[in-house]
Amino acid sequence: MSKLSVNHLLGIKGLKTKDIDLIFKTADNFKRIINQPIKKVPTLRDITIANLFFENSTRTRLSFELAEKRLSADVVNFSSSSSSVKKGETLVDTVNNILAMKVDMVVMRHPNPGAAEFLSRNVNASIVNAGDGAHEHPTQALLDCYSIREKYGDVKGKKVVIVGDILHSRVALSNIHCLQKLGAEVRVCGPSTLIPKYIDSLSVKHVSNLKEALNWCDVANVLRIQLERQDVKYFPSLREYSMVYGINKEVLDSLDKEITIMHPGPINRGVELSSDVADSECAIILDQVENGVAIRMAVMYLLAGKIKR
Amino acid sequence: MEKEKQIVNSKQFSIMIERLACQLIENHVNFEETVLVGIQPRGVNFSKRILQKINKLTYNTEIQSGSLDITFFRDDFGRRDVPIEAQELNMNFSVEGKRVVLIDDVLFTGRSVRSAMDALMNFGRPKEVELMVLIDRRLSRHLPIEPNYVGKTVDSISSEKVVVKWKDIDKEDKIILLKSE
């Protein structure tokens, strides 16, 4: 079996296609395990993992913690709201203090792009990026592509449109890299103000018309409007956004074919997705959540295998 | 350079399989509470062969069987240069109260069998667990594990390798001893 070409998971951009295939293959095994009556294996019993969340998170944090516990790793959790970061400690100092307590791997979410990369250069531990600002969220992209692979058998040749706030989304950037590495065709759809200027350089086409984009695609990955990251007004009102870019049953019924709807969560029901779509058969949102645990188990298993004993 | 020495030819091989199948039939009679579990990867071939033989000898007794992957239960995780690839796990039944026969091709240090017992307990509490191996490399055990059914006992040193070849994969049934020169 081959090994990962990297010692940290900082972003999809730095991964090779064979790394992604290896993660998927490993995740297949873990998916079987988490559906057994006993969902746990003893593999990482000698590994300690710190989950450092400098930004709010429910799903990702729970998913990582479950994945770690199902691999029998020891887990410590940390959130910046209740820590000494508020007292002025630097990131490297905080992490080195945690590592002094003999921690082998760090899972980190941070509001600053590049925080995970910075950490990987300055501390001696395996780093897993759980989201760094609007830069990358690699495990989310992996689980999204894994869910597409599960539904269609392969990601290659599939047409995927990412709808919504692309500018502030780390999920979008990681997904674009991951989908393209696996041979899918990607377009983005949303108001021009929410599309980054560099999108052409990624060979991704911007489509303004929602219906045109949906008619083209096999899968629509719908993103939330990240109001907390928007410093200025990018569109007149949420109501207007929802009228133009919101996906509801009516829009789906008007298409020539059936498409698959994905969403990384949290959903703002009635804004980007209506409830009847979010709960419908064509949405695989909860499958994504289940696959998230298997993917994170695979990532940590493969990275932990590279830690010298 | 490795020197190859055949220790079991295809005729002896099929006699061994038949003898082991007969021993199982003698001890388990109608196999009502018995499950055969092959340890991935090579124990699965052996388990299939034993199952075929028992079916032939007993006119198709229904026997539950599965294959067990032990990758995540091994004790050498992170200590190998290249990690072991996980294999398919096929255990669509509970082993609660069952008589389990674990099946592997070569018993060497006993570590795989230890991992397999751990993995097995995830599927219930068996009434008993027996171990069947085609080759028992005695004198090389790291753990106190002994087989109940043995095809052939081989005395070998740790630098030697015992390889079982299967007709359906390697064209011929045979067992060879590889010595590095």
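Placed above this text is the structure.
Below: a short report on this structure. (Residues numbered from 1 in each chain as written. Chains lettered and ligands numbered in written order. Predicted model: local features only at pLDDT ≥ 70, side-chain atom pairs only at ≥ 80, totals over all residues. Heavy atoms only, no water.)

A short note on the environment of Ala-115 of chain A
Residue and element names in this part refer to chain A. The topology assignment puts Ala-115 in helix α4 (residues 115-122). Between the C-alpha atom of Ala-115 and that of Leu-91, which follows or precedes it by 24 residues, the distance is 8.8 Å. Once residues within four sequence positions are removed from consideration, Ala-115 is found in contact with Leu-91, Met-108, His-110 and Asp-132. (Helix = DSSP H or I, 4+ residues; strand = E, 2+ residues; numbered from the N terminus. Contact = heavy atoms within 4.5 Å.)

Focus on the layout of surface pockets
There is about 880 Å³ of room inside the largest pocket. Where the lining of the largest pocket is concerned, the elements lending two or more residues are α2 (42-57), β4 (99-107), α3 (111-120) and β7 (161-165) of chain B. The residue makeup of the lining of the largest pocket, split by class, is 11 nonpolar, eight polar and 13 charged. The space that makes up the second largest pocket amounts to roughly 450 Å³. Lining the second largest pocket are 21 residues; nearest its centre among them are Arg-109, Arg-170, Arg-224, Gly-265 and Pro-266 of chain A. Of all elements in the fold, only α2 (59-70) and α6 (170-181) of chain A reach the threshold of two or more residues within the lining of the second largest pocket. Of the residues in the lining of the second largest pocket, the class split is four nonpolar, nine polar and eight charged. Looking at which domains feed residues into the lining of the second largest pocket, each of domain 1 (17-136 + 290-304) and domain 2 (138-288) of chain A supplies at least three. (1 Å grid on protein atoms, 1.4 Å probe; cavity = no way out; pocket = protein on both sides within 12 Å on 5 of 7 lines; lining within 4 Å. Points joined across faces, edges and corners; volume = space filled by probe spheres on them. Nonpolar A, V, L, I, M, F, W, Y, C, P; charged D, E, K, R; others polar. Domains from an automatic or database assignment.)

Overview of empty space enclosed by the protein
Under the definition given, this model contains three cavities of 30 Å³ or more. Approximately 170 Å³ is the volume found for the largest cavity. Surrounding the largest cavity, 15 residues form its lining, Tyr-301 of chain A together with Phe-77, Gly-78, Pro-83 and Ile-84 of chain B being those nearest its centre. For the lining of the largest cavity, the per-class residue count stands at six nonpolar, three polar and six charged.

A word on the sheet that holds strand β9 (residues 260-262) of chain A
Residue and element names in this part refer to chain A. Pairing is parallel across the open sheet formed by five strands, whose spatial order is β7-β6-β5-β8-β9. Only two strands of the sheet have a single partner each, and these edge strands are β7 (205-207) and β9. When the angles between neighbouring strand axes are averaged without regard to direction, this sheet yields 25 degrees. Pairing between strand β5 (residues 159-163) and strand β6 (residues 185-189): five bridges, direction parallel. Pairing of Lys-159 across the sheet is with Glu-185, part of β6. (Pairing = 2+ DSSP bridges. Axes fitted to C-alpha atoms, helices over the stretch in contact; angles between N-to-C directions.)

A few points about the nonpolar core
By size, the foremost hydrophobic cluster in this structure holds 90 residues, and its most contacted members are Ile-23, Phe-30, Leu-142, Ile-295 and Met-300 of chain A together with Leu-68 of chain B. Considering each element in turn, this core owes the most residues, 11 residues, to helix α11 (residues 285-304) of chain A. The residues that make up this core include at least three from each of domain 1 (17-136 + 290-304) and domain 2 (138-288) of chain A. Setting aside its immediate chain neighbours within four residues, Phe-30 of chain A contacts Val-41, Leu-71, Ala-294, Met-297, Ala-298 and Tyr-301 of chain A together with Phe-72 of chain B. In terms of nonpolar packing, the next biggest core, distinct from the first, is built from 30 residues, Leu-214, Ala-220, Tyr-245 and Leu-255 of chain A among them. (Core = buried A, V, L, I, M, F, W, Y, C linked by side-chain atoms within 4.5 Å. Buried < 20%, exposed > 50% of the residue type's maximum accessible area, 1.4 Å probe, protein only.)

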